[in-house]
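Chain by chain, the residues run as shown.
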Amino acid sequence: MVKEVLNVEEVLNVEAVALEEKEIGPLTILFGKENGKYPHGNSLLIKGSKKTAIVDPCLGVVARKDNLPVVDMMLLSHVHEDHVAGTHLFPTASCHAHEADAIGMSSIEGMLNIYGFEGLVRDEFEDLIINEFFFEARADVISYKSGEVFDLGGVTVTAMHTPGHTRGHTCFLIEWQGEQGGAEKLVYLGDIELTGFGPYYGDAWSSLEDFESSLEFLKTVDAQRWLTFHHKGLIESREKFLVMLEAFRSMIDYREENLLKYIEESRTMDEIVEHRFVYRPGTGGLMADQVERRSMGMHLERLIRQGMVEHTDDRYKKVLM
Ligand SMILES: [Zn+2]
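Anyway, here's the lowdown on the structure attached to this text. (Residues numbered from 1 in each chain as written. Predicted model: local features only at pLDDT ≥ 70, side-chain atom pairs only at ≥ 80, totals over all residues. Heavy atoms only, no water.)

Let us look at the coordination of the zinc ion. Surrounding the zinc ion are the protein donor atoms H78 (NE2), H80 (ND1), H165 (NE2) and D191 (OD), which sit 2.1 to 2.2 Å from the metal. Bound by four donor atoms, the zinc ion shows angles of 89 to 168 degrees at the metal and therefore irregular coordination geometry. Each donor residue of the zinc ion belongs to the same chain, with the gaps between them written as H-x1-H-x84-H-x25-D. A residue pair is termed long-range when its members are at least 10 positions apart, and H80 in the loop between strand 5 (73-75) and strand 6 (94-98) and H165 in the loop between strand 9 (155-161) and strand 10 (170-177) qualify at 85 residues. Here H80 and H165 have matching classes, each one buried. (Donors = N, O, S within 2.8 Å, 3.2 Å for Na, K, Ca; no water. Tetrahedral: all angles 85-135°; square planar, octahedral: opposite > 155°, others 65-115°. Helix = DSSP H or I, 4+ residues; strand = E, 2+ residues; numbered from the N terminus. Buried < 20%, exposed > 50% of the residue type's maximum accessible area, 1.4 Å probe, protein only.)

With that settled, consider the packing of aromatic side chains. The final tally for this structure, using the stated rule, is eleven aromatic pairs. With a centroid separation of 5.9 Å and an interplanar angle of 5 degrees, the aromatic rings of Y115 and F117 are classed as stacked. When its relative accessible area of 2% is taken as the criterion, F117 is described as buried. Considering the side-chain rings of Y201 and F211, the 6.4 Å spacing of their centres and the 70 degrees angle between planes classify their relative orientation as edge-to-face. Residue Y201 is located in the loop between strand 11 (183-190) and helix 6 (208-219), and its partner F211 is located in helix 6; the two are separated by ten residues in the primary sequence. Residue classification places Y201 among the buried positions, given a relative accessible area of 1%. An aromatic cluster of three or more residues is present, and its members are Y115, F117 and F125. Taking the ring centre of F197 as reference, the NZ or CZ of R255 above it sits at 5.7 Å. Lying across the ring of Y262, R267 places its NZ or CZ 3.9 Å from the centre. (Phe/Tyr/Trp six-rings, centres within 6.5 Å; stacked < 30°, edge-to-face > 60°. Lys NZ or Arg CZ within 6 Å of the ring centre and 35° of its normal.)

Structure, rendered in structure tokens:
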């Protein structure tokens, strides 16, 4: 995800550092640098008796490239630059993406369409994806559907479609039998990352309302552990997960409340973009402009539909009740 406005010079620094790993049953969490702070992330290795899969091979896997595991298949939570940066290291492993996102792996054009950046930003982002995230298209990418189960032998991975961040964003429910015979379950959350930044729905392929539905859905999934791709890492208490999920979701309300306050006086879209609701005030850059425009555009569309905002002559104004 494009969570921060990228500074190309700072993006990649994969010198050998002691990277943390944690084993849980058949799983090995391959933590990235700085606990998976963007552009890094946390990948997950799943060793079954029949097959080994890696979920979201990222820059943390690139950093381990002198000591790579043997992998039969790669499972992608979604097709964003930071989640696929290590796919080139496993050319013989099958590559699986949700049917709605798979086109992003099949060509650089497909990948760029997911973000929908325009003009110079698109060109710069293309360079970044190729040079800093090592993107190599996989014409043989295999699509999976929601509900599809990958049986690795003694451990299964079920695809749970959780769109919003991208159209095909998927969480994985990983199940195996613990040593005491009990059912062990971990949910790989991908970019439902539970950080203070809040949900990211700033791409052409993002949807605010799908994101909200996906967050509601996740409350209903029974598990003992959750793993985010970025920052938060492993969460081992359901109570804590639900608190974090609600705090994450509430950032949507926070942005909307701030927006409504700002448009008590009528404002143009350019003014709204300039003000910054997703990024911190003062964050510069054309990329941030495009993300703000799309994200707050989705809030405005909904507020207009609900009769809470009026849109006339290119200006938006809160309807005073
Ligand atoms: Zn993402």
